[in-house]
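The residues making up each chain are set out below.
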Amino acid sequence: MREQLLAVEKVQAIEWRDGALYLLDQRLLPHRQTWLRFDSAAEVADAIRDMVVRGAPAIGIAAAYGLVLGVRARLQAGGDWREALEADFVSLERSRPTAVNLFWALQRMRERLARLKDGDDILALLEAEAVGIHLSDREANLTMAQLGMELIRKHQGNPQVLLTHCNAGALATGGFGTALGVIRAAYLEGLVEQVYVDETRPWLQGARLTAWELAGDGVPVTLNADAAAAHLMKTKGITWVIVGADRITANGDVANKIGTYQLAVNAMHHGVRLMVVAPSSTIDMSLESGDDIVLEERDGRELLEVAGHRVAADVHAVNPVFDVTPADLVDYIVTEKGVIERPDSAKLAQLMCRKRLH
């Protein structure tokens, strides 16, 4: 399976070369593929905040590279570079509040800084750490793809009808994707008849990104309005809802793109299994439950306007970006460390003690 996935790899969102970070501008997809170059931590923080790069794992990877750029600038400036670097940590940490991968990656960079010795090539070591975070996420995706595909084959041997929400593909990760990695693997194994993709308002990540990725791989994909999901579960024989996650708490509650919670409720009602696919870096054992997660809200203009033109009435708009799906609505959590069925606190704690499977 690994070799098959590698053979069909087409999309990437992040590239580090020539001492600079290059990001595929996801705001312009699928109509334009434009790569932007970033040379400072502040620029990377703005790129994360402005949705040039999005998706929890990809945000963490970008932040790690952003810190490398910050280290280089602080070293060149002279003086107390470590103290000055704290401003870059703060800027990157504040760029998006919900995706725990951002904070996980920055903590890894902070721990690498703490292990530096006199005479070390500081910039080279920090760059190697960021590259390691990037490559590790890519490897985790390959492992999760295999594990998730095996779950689908175990429960339903015939080609299945799947539904996914937002974008948890190569564009949101270090490569291949979490939820879309599983869908790609299942398709290669002949286990996918059709994939329905929620458009995912208001940024249309499903319509612009997920549908584009799957169509590019030749996966049979159909786009639907978010509000049509329950109807499709009732009428189209959907057997799995497969999504990513931005943060999973110690009890198995899942924060993901707004709309996931209602999908989970509808899936439970229709007897559709819910699979959440995310690397272990998405699991935040410091938070007891989803009630403790800070959920991002964005400017209401994202709902009131389209391409800068007002389309709504003159009213206030509420624009939560994420919601929390309670653990008791989740059938499986798939990570690179293994699979949890019907997650709870004890199972999450046991999982986090394991080593990676790959």
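Here the structure is a predicted model, which is why all the values come from computation and not from measurement.

Inspection of every chain in the model, using the stated rule, returns 18 salt bridges. The shortest N-O distance in the salt bridge between Arg 298 and Glu 296 comes to 3.3 Å. In terms of burial, Arg 298 and Glu 296 fall into one category: buried. For Asp 331, the salt bridge identified is with Arg 342, shortest N-O distance 3.1 Å. Within this pair, whereas Asp 331 is found in the loop between strand 14 (322-325) and strand 15 (332-335), its partner Arg 342 is found in the loop between strand 16 (338-341) and helix 12 (345-352), the two being separated by 11 residues in sequence. Accessibility expressed as a relative area gives 18% for Asp 331, which makes it buried. Residue class for Arg 342 comes out partly exposed when judged on its relative accessible area of 33%. By sharing partners, the salt bridges in this structure join Arg 96, Glu 296, Arg 298 and Glu 302 into a single network.

This part takes up the sheet that holds strand 2 (residues 20-24). Here 3 strands make up an open sheet; going across it, the order is 1-2-3 and the pairing antiparallel. Looking at the sheet topology across the chains shown, the edges are occupied by strand 1 (14-17) and strand 3 (35-38). The average undirected angle you get between the axes of adjacent strands in this sheet is 25°. On the sheet, helix 3 (residues 56-77) packs against strand 1, strand 2 and strand 3 and is oriented at approximately 20° with respect to strand 1.

Right, let's talk about the sheet that holds strand 8 (residues 247-249) for a bit. Ordered by their spatial adjacency, 4 strands build an open sheet running 11-8-9-14, and the pairing between neighbours is mixed. Since the sheet does not close on itself, it has two edges, and those belong to strand 11 (283-284) and strand 14, each with one partner. Examined bridge by bridge, strand 9 (residues 254-257) and strand 14 share 4 bridges and lie antiparallel to one another. The residue of strand 14 that forms the bridge with Asn 256 is Asp 323.

Okay, the UniProt feature "site: Transition state stabilizer" (unreviewed entry) in the chain next. In this numbering, the UniProt entry assigns the feature "site: Transition state stabilizer" (unreviewed entry) to Cys 166. Among the structural elements, Cys 166 can be located in the loop between strand 4 (160-164) and helix 7 (179-188). Taking relative accessible area as the criterion, Cys 166 reaches 7% and is therefore assigned buried.

Right, let's get into the domain arrangement of the chain. Considered domain by domain, the chain is made up of domain 1 (1-135) and domain 2 (145-353). Computed over C-alpha atoms only, the centres of domain 1 and domain 2 are separated by 24 Å. Listed by partner, the interface residues are 35 residues for domain 1 and 39 residues for domain 2. Around 3,100 Å² of area is buried between domain 1 and domain 2 when both sides are counted, 61% of it from carbon and sulfur atoms. If you look at where domain 1 meets domain 2, you find 1 salt bridge. Across the salt bridge formed by Arg 96 and Glu 296, the nearest N and O atoms sit 2.6 Å from each other. Where domain 1 packs against domain 2, one counts 14 residue pairs in polar contact (both at pLDDT 80 or more). Elements with a minimum of two residues in the side of domain 1 that touches domain 2: helix 1 (2-7), helix 3 and helix 5 (100-114). In terms of residue class, the side of domain 1 that touches domain 2 is made up of 21 nonpolar, 7 polar and 7 charged.

About the thresholds
- Residues numbered from 1 in each chain as written.
- Predicted model: local features only at pLDDT ≥ 70, side-chain atom pairs only at ≥ 80, totals over all residues.
- Heavy atoms only, no water.
- Salt bridge = Lys/Arg side-chain N within 4 Å of Asp/Glu carboxyl O.
- Buried < 20%, exposed > 50% of the residue type's maximum accessible area, 1.4 Å probe, protein only.
- Helix = DSSP H or I, 4+ residues; strand = E, 2+ residues; numbered from the N terminus.
- Pairing = 2+ DSSP bridges.
- Axes fitted to C-alpha atoms, helices over the stretch in contact; angles between N-to-C directions.
- Contact = heavy atoms within 4.5 Å.
- UniProt positions renumbered as here; feature names shortened; annotations may be inferred.
- Domains from an automatic or database assignment.
- Buried area = accessible area lost by both parts, 1.4 Å probe.
- Polar contact = N/O pair within 3.5 Å; in protein donor to acceptor, adjacent residues only side chain to side chain.
- Nonpolar A, V, L, I, M, F, W, Y, C, P; charged D, E, K, R; others polar.

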